Amino acid sequence: MTSYWPLLGVAVVVAGFALKRNPMVVVVTAGLVSGFAAGKSPGDLLALLGTAFVNSRSLLLFTLTLPVIGVLERAGLRERARTWILGFTRLTLAGLLIAYLAVRQVLAMFGLIYVAGHAQTVRPLLAPMTDATSTRQLGALDDDTRERVRAISAATDNVGVFFGEDVFLAFGAVLLIKGFFDGQGIQLDPLTIGLWALPTAIAAFVIHAVRIVIFERRLRRRIATAPAAKETR
Amino acid sequence: MLTLSHVFFLMGALLTATAVLNALERRWWNAGFWAIPAMPCLVGDPVLAALKAGTRWPAQAMGVGVIALALIAPRTRGGVKENDPAEREASAARLGDRLFIPALTIPVVVAALVLYVRYVGWPVTRLLDVNQAALISLGIATMVALIVALIVTRAGPVQGLTEGRRLTDTIGWAVVLPTLLATLGAVFVDTGVGKAVAALVGYVIPVESWLACLLAFGLGMVAFTAIMGNAFAAFPVMMAGIGLPLLITRHGANPAVLGAMGMLTGYCGTLVTPMAANFNVVPAILLELRDPYGVIRAQWPTALVLLATNLVLMSVFVFR
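All of these numbers come straight from a predicted model, not from anything done at the bench.

### Some details on the overall build of chain A
At step 1: The helix and strand inventory of chain A stands at 11 helices and zero strands.
At step 2: In sequence order, chain A lays out its α and β elements as α-α-α-α-α-α-α-α-α-α-α.
At step 3: Here the C-alpha atoms of chain A give a radius of gyration of 22 Å, more than 25% beyond the 17 Å that 2.2 N^0.38 yields for 233 residues.
At step 4: Counting only C-alpha atoms, chain A reaches 65 × 45 × 35 Å along its principal axes.
At step 5: Counting every position in chain A, which comprises 233 residues, the buried fraction comes to 55%.

This is the structure we're talking about:
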């Protein structure tokens, strides 16, 4: 007989995010609610939380990139990235983002996941470059527009890495899929699983590239109809 | 031999330094906050070993730490001031393209190490744990890049700590959020949330229709991934609940195709959920967006169109 009470934890998550409470508080509350609803003793629940926390520590790994990025930012890396990209006088925002998407996706296909990322490349390099390029190409941007350009830069990194990483090489997700079927007595070749990720990878590239082009076109129209924005930086 | 534990020690040391620097400025809440995630990095292995041997209190102490994180997080304060923009401009003009060298060191070292371990191996395979080569390579690359950066910018080694601390405090509690969400995911699995979801889905779908089963599987992957923030957690649940008994056994679906495409369908869910904090919330803070859901807003149309495409691809290829 399945118990449905632990689903209360999911309800806490949904309600917490909808009400925009501090996510840290929401997440821990949800864990406690779900645990108690499943009839766990406080001692068991604490041990479960602690063990899971220790097992998830590799997600803190990106903090290791922060010292070097911080030192370089202080020395003007973002400013240099802007100047450098402005040297490509015919480059468009869409061209830059689609090129980044392609490179990110292909690198991920060969297992090079950690060569780029939000801390390593998006904040110090890609964001200043898209900002400078769109300003040169379309004129001064208002704050709202600048944020949207930065947001789509981050989104492009996500799409690239998500839909590249499962192709060709037996990596995280492919091994998980293989592991699940192994446990059920179904033998699969990792390469076959990987190759079946290819149609989606191609679709993801095409869809997101088209969206980038549409985004740029909307941006141009928006700036053309709001000449007042030119005065603000 | 270098293992992931050494990389964790390094992370622990860095977080401890961040805590100490905050304590020196009497920012006590921040100091206390950063000391907590330093613990699993520094003493995580002994905690897990003790648990295996039957001693539970170290793991329970970590559990208390998790609750403390939630209590302290709303009280922590934001970032530290950056240096003057004019100073940065002058430095950028002086150093020019040399600034890119340390930044490119990270990808180059990661790529070189990962590819070397895979295609050549010896003697590097005897120096580091091959199973964790990607993460260990990232750890090594960040330190090599830091040394190169300090040489190029002629900064003192302490600047690595103070600037690392500046960025850590800028991102704030969101640094730890992905870890806490993964923790919550583990609690959900352990308390049977997954089984309950799969059972609920099983009640509502007409099992004799392959299309209904496929839609339930695909949309279930998306919904469950959005709840857990992680397609890896959703996959075994949806596969065991719907994929294997209904699609593969009953309707004859191809497991390799269903596995690969099912997982990627789940990724569409990752693109739209704040639960996937490391992809969706942390970058919004790193890029100083006022809208914490700005990145999700930028990517949900891609996720939606791709989800529809993927469902069509699955219905064409899965039953061939």
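Let's pick the thread back up.
### Side note on the interface of chain B and chain A
Accessible area lost on assembly of the parts is the figure often given for the size of an interface.
At step 1: If you look at the interface, chain B gives 119 residues, while chain A gives 100 residues.
At step 2: When the residues that make up the side of chain B that touches chain A are grouped by side-chain class, the tally is 83 nonpolar, 25 polar and 11 charged.

### A look at the domain arrangement of chain B
At step 1: For chain B, the domain assignment lists domain 1 (4-75), domain 2 (85-174) and domain 3 (177-317).
At step 2: Spacing between the C-alpha centres of domain 2 of chain B and domain 3 of chain B amounts to 34 Å.

### What about the environment of Phe 53 of chain A?
At step 1: Considering the arrangement of structural elements, one finds Phe 53 of chain A in helix α3 (residues 42-55).
At step 2: Phe 53 of chain A sits in the buried class, given 27 other C-beta atoms within 10 Å.
At step 3: Discounting chain neighbours no more than four positions away, the residues touching Phe 53 of chain A are Pro 40, Met 62, Val 66, Thr 179 and Thr 183 of chain B.

### A closer look at unusual backbone geometry
In most cases, non-glycine residues show a negative phi, while peptide bonds are predominantly trans.
Residues and elements named next belong to chain B.
At step 1: Not every positive phi belongs to a glycine, and Arg 26 is a case in point at roughly 60 degrees.
At step 2: Along the chain, Arg 26 turns up in the loop between α1 (4-24) and α2 (28-52).
At step 3: Looking at Arg 26, the number of C-beta atoms within 10 Å reads 8, which means it is exposed.
At step 4: Its identity is not glycine, yet Arg 154 carries a phi of approximately 55 degrees, on the positive side.
At step 5: With respect to the helices, strands and loops of the structure, Arg 154 is situated in the loop between α7 (133-153) and α8 (158-171).
At step 6: C-beta crowding within 10 Å serves as the criterion here: with 8 such atoms nearby, Arg 154 is assigned to the exposed category.

### Here's the deal with the nonpolar core
At step 1: Counting residues in each nonpolar core, the largest one holds 186 residues, and the members touching the most others are Val 110, Leu 180, Met 238 and Ala 260 of chain B.
At step 2: In terms of residues, this core owes the most to one element, helix α12 (residues 231-250) of chain B, which gives 12 residues.
At step 3: Those residues within four positions of Val 110 of chain B in sequence are excluded, and the remaining contacts are Leu 112, Tyr 114 and Val 115 of chain A together with Ser 137, Leu 138 and Ala 141 of chain B.

### Observations concerning the packing of helix α6 (residues 93-109) of chain A against helix α7 (residues 118-138) of chain A
Residues and elements named next belong to chain A.
At step 1: Running from amino to carboxyl end, α6 crosses α7 at an angle of 155 degrees, the nearest separation of the two axes being 9 Å. Classed by the angle they form, the pair α6 and α7 counts as roughly antiparallel. Contact residues: α6 offers Leu 93, Leu 96, Leu 97 and Tyr 100, while α7 offers Leu 126, Met 129, Thr 130, Thr 133, Ser 134 and Gln 137.
At step 2: Of the residues in the contact of α6 with α7, the class split is six nonpolar, four polar and no charged.

### Focus: α8 of chain B
All names here are of chain B.
At step 1: Given a rise of 1.5 Å per residue, 14 residues ought to cover 20 Å, and the 20 Å separating the end C-alpha atoms of α8 matches this to within 8%.
At step 2: By the burial criterion, the buried members of α8 are Gly 160, Glu 163, Gly 164, Arg 165, Arg 166, Leu 167, Thr 168, Asp 169 and Ile 171.
At step 3: Of the residues one or two after α8, Gly 172 is the one with positive phi, at around 70 degrees.

### Here's the deal with the confidence of the model for chain B
At step 1: The pLDDT averaged across chain B works out to 89; a share of 100% of its residues lies at or above 70.
At step 2: Among the scores for the predicted complex, ipTM is 0.86 and pTM is 0.86.

### Points about the domain arrangement of chain A
At step 1: Split by domain assignment, chain A resolves into domain 1 (7-55) and domain 2 (61-230).
At step 2: If you average the C-alpha positions of domain 1 of chain A and of domain 2 of chain A, the two centres end up 32 Å apart.

### Some details on the confidence of the model for chain A
Residue and element names in this part refer to chain A.
At step 1: Per-residue confidence for chain A gives a mean pLDDT of 87; residues scoring 70 or more make up 94%.
At step 2: Within chain A, no element has a lower average pLDDT than helix α9 (residues 172-183), which sits at 81, and none a higher one than helix α8 (residues 143-162), at 95.
At step 3: Overall, residues 229-233 carries pLDDT values under 50, and its contacts beyond four positions in sequence, including any with other chains, amount to eight contacts.

Calculation rules
- Residues numbered from 1 in each chain as written.
- Chains lettered and ligands numbered in written order.
- Predicted model: local features only at pLDDT ≥ 70, side-chain atom pairs only at ≥ 80, totals over all residues.
- Helix = DSSP H or I, 4+ residues; strand = E, 2+ residues; numbered from the N terminus.
- Rg over C-alpha atoms; globule rule 2.2 N^0.38 Å.
- Buried ≥ 20, exposed ≤ 12 C-beta atoms within 10 Å, placed from the backbone.
- Contact = placed C-beta atoms within 7 Å.
- Nonpolar A, V, L, I, M, F, W, Y, C, P; charged D, E, K, R; others polar.
- Domains from an automatic or database assignment.
- Core = buried A, V, L, I, M, F, W, Y, C linked by C-beta atoms within 7 Å.
- Axes fitted to C-alpha atoms, helices over the stretch in contact; angles between N-to-C directions.
- Parallel < 35°, antiparallel > 145°, perpendicular 65-115°, else oblique.
- Expected span 1.5 Å × (residues − 1).
- pLDDT = per-residue confidence, 0-100.

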